[in-house]
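For reference, the chains in residue letters:
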Amino acid sequence: DEEAAVKSLPSALILVLLYALMNLAHDTQASVRSVEEAFTSDITENGNFAYSGNMGFKDRNDVNSASDFWSWMNKGMAPLYFLDKKWVSEDSGLDLGSYSDEEKLFYLNHNRKVA
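Criteria and thresholds
Residues numbered from 1 in each chain as written. Predicted model: local features only at pLDDT ≥ 70, side-chain atom pairs only at ≥ 80, totals over all residues. Heavy atoms only, no water. Helix = DSSP H or I, 4+ residues; strand = E, 2+ residues; numbered from the N terminus. pLDDT = per-residue confidence, 0-100. Buried < 20%, exposed > 50% of the residue type's maximum accessible area, 1.4 Å probe, protein only. Bend = angle between axes of the 7 residues up to and from the residue. Contact = heavy atoms within 4.5 Å.

**Looking at unusual backbone geometry**
- One non-glycine residue, alanine 50, lies in positive phi territory at about 60°.
- By the element assignment, alanine 50 lies in strand S1 (residues 49–52).

As structure tokens, this is what we get:
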């Protein structure tokens, strides 16, 4: 009984190794992880709230209450996700126009929104 278990061990290890290699070959974990990190970075760095003038002093890590959450959703997250006009510098008089309906379907200009 123990001899059969030892003899089956190499085939089990080969199966695990082949699974890992096929997973690495067919899934692009590095690309998926980099896109996930881009989302996290964009929301953390640009999703600010608690504005004083043009500067938001808090980010998603500073949400500590229900009012902070809704302030972050209204002032921080919603403007990032639901784009209307193209962004320009704070005190710029430029008007680059609005996003088209097709452009509004994308997040960070290349990832299609699912919901």
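Back to the text.
**A closer look at the confidence of the model for the protein**
- Taken residue by residue, the protein gives an average pLDDT of 85. The fraction at 70 or more is 96%.
- Mean pLDDT across the elements of the protein ranges from a minimum in strand S4 (residues 111–112), with 74, to a maximum in helix H1 (residues 2–26), with 92.

**Concerning the environment of glutamate 90**
- Looking at the element boundaries, glutamate 90 is found in the loop between helix H3 (66–81) and strand S3 (106–107).
- Given the relative accessible area of 56%, glutamate 90 is considered exposed.
- Glutamate 90 sits 17 residues away from methionine 73 along the chain, and the two C-alpha atoms are 20 Å apart.

**A short note on H3**
- Most pronounced at methionine 73, the bend in H3 amounts to some 40°.
- Here H3 has its buried residues at Asp68, Trp72, Gly76, Met77 and Leu80.
- In this structure, the buried side of H3 is in contact with helix H2 (29–46), S1, strand S2 (55–58) and S3.

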